[in-house]
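Descriptive structure summary
Listed here are the chains, written in short residue letters.
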Amino acid sequence: MKRPIIAGNWKMNMNNAETKKLIEEMAPLVADAKCEVVVCVPFTSIDTARKALRGTKIKLGAQNVHWAPKGAFTGEISADMLKELKVRYVIIGHSERRQYFGETDESVNARLKAALGAGLKAIVCIGETLAEREAGQTKDVVTRQLCGALEGIEKRDLKSIVIAYEPVWAIGTGKTATPLEANDTIRVIRKALRKLYDRTAAKAMRIQYGGSMNAKNASELMAMPEIDGGLIGGASLKAEDFAKVVNY
Ligand code: 13P
């Protein structure tokens, strides 16, 4: 039985005092969660979050990782650096990274390999833009992004990977993909996984939906057979809202 996974992506929000406060507010509210719960905080909040998360069910995540172990990469953070700070999960290839910071399928793949090599678990994001959706390219885009991200990744490593399907047009816009739309595209992703690996691997892979998922729509999205979790932006910044998603 797959365990659903709800992860908060705080993006560039929350200073250290706010991090401590938010975690202290949310921890008791998700104490009985049936699903796996993760918060992906800014690098500068990792240490504060790690301390505040002690003794809670919530796991610590980061939002990006570099592909090299060390070296002249000003401003970047390596997988071993995250591991040292007890980070468990890292988001890779978020559409905002692709859109504003030039991430490509190749760099996503390299970052994923570095994360896995250091023993981190990864949440790999894929999803089409509005223009791509309107041009009828959704299937091709998510398949290309998936295959690019997983290039050279062995089947035995899939257990450390979660895929997040985040249609770009649904992120921060209040426009959610309907549960059926999200389910359909995730089915396409699973089919691609079947081709890349096999039926068992595809079935076992946890695939989240992300994009304006919130306290109101979480239960209908989570009721869909293909959806194994959520990656939550805005609604993860308020303890009660995030807890409602977690306890969908
Ligand atoms: P919102 O939930 O704010 O739409 O953001 C989704 C997202 O990008 C999570 O990674």
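A short tour of the structure in this document, coming up. Note that the structure is a prediction, hence the values are computed from the model and not measured. (Residues numbered from 1 in each chain as written. Predicted model: local features only at pLDDT ≥ 70, side-chain atom pairs only at ≥ 80, totals over all residues. Heavy atoms only, no water.)

1. Points about a positive patch on the surface
Taken together, the side chains of K83, K86, R88, K121, R156 and K159 make up a positively charged region of the molecular surface. Here R156 shows up in the loop between α7 (138-150) and β6 (161-165). With a relative accessible area of 60%, R156 lands in the exposed category. (Patch = residues over 30% accessible without salt bridge, like charges linked within 9 Å, V, L, I, M, F, W, Y side chains within 5 Å. Areas by Shrake-Rupley, 256 points an atom, 1.4 Å probe, with all protein chains shown as cover. Salt bridge = Lys/Arg side-chain N within 4 Å of Asp/Glu carboxyl O. Lys, Arg positive; Asp, Glu negative; His and termini not counted. Charge placed at Lys NZ, Arg CZ, Asp CG, Glu CD. Helix = DSSP H or I, 4+ residues; strand = E, 2+ residues; numbered from the N terminus. Buried < 20%, exposed > 50% of the residue type's maximum accessible area, 1.4 Å probe, protein only.)

2. Some thoughts on unusual backbone geometry
If you check the backbone angles, M14 has positive phi at about 85° while not being a glycine. With respect to the helices and strands, M14 occurs in the loop between β1 (5-9) and α1 (16-29). Located in the positive-phi region is K86, a residue other than glycine, with phi close to 70°. For K86, the position within the fold is in the loop between α3 (79-84) and β4 (89-92). Since its relative accessible area comes to 55%, K86 is described here as exposed.

3. A short note on the site of the ligand
Inspection of the region around the ligand gives N9, K11, H94, E166, A170, I171, G172, G211, S212, L231, G233 and G234 as its neighbouring residues. In the model, an oxygen atom of the ligand is placed 2.8 Å from a nitrogen or oxygen of the H94 side chain. Contact distances for the ligand include 2.7 Å between an oxygen atom and a backbone N or O atom of S212. Taking 310 Å² as the accessible area of the ligand by itself, protein coverage stands at 94%. (Near = heavy atom within 4 Å. Polar contact = N/O pair within 3.5 Å; in protein donor to acceptor, adjacent residues only side chain to side chain.)

4. Some details on the environment of I163
Turning to its location among the elements, I163 is positioned in strand β6. Distance from I163 to A72, taken between C-alpha atoms, is 30 Å for residues 91 residues apart in sequence. Look past the residues within four positions of I163 in its chain and what remains in contact with it is V124, I126, L146, I189, M205, R206, I207 and Q208. (Contact = heavy atoms within 4.5 Å.)

5. Quick look at the layout of surface pockets
Space inside the largest pocket adds up to approximately 490 Å³. Lining the largest pocket are 17 residues, and of these K11, M12, Q63, E96 and F101 lie nearest its centre. In terms of residue count, the dominant contributor to the lining of the largest pocket is helix α4 (residues 95-100) (five residues). Residues of the lining of the largest pocket, tallied by class, amount to eight nonpolar, six polar and three charged. (1 Å grid on protein atoms, 1.4 Å probe; cavity = no way out; pocket = protein on both sides within 12 Å on 5 of 7 lines; lining within 4 Å. Points joined across faces, edges and corners; volume = space filled by probe spheres on them. Nonpolar A, V, L, I, M, F, W, Y, C, P; charged D, E, K, R; others polar.)

6. So, helix α5 (residues 105-117)
Its 13 residues give α5 an end-to-end C-alpha distance of 18 Å, which sits within 8% of 18 Å, the value for a rise of 1.5 Å per residue. Every buried residue of α5 is accounted for by D105, S107, V108, N109, R111, L112, A114, A115 and L116. Against α3, β4, α4, β5 (121-126), α7 and β6 lie the buried residues of α5. Positive backbone phi, approximately 85°, marks G119, located one or two places after α5. (Expected span 1.5 Å × (residues − 1).)

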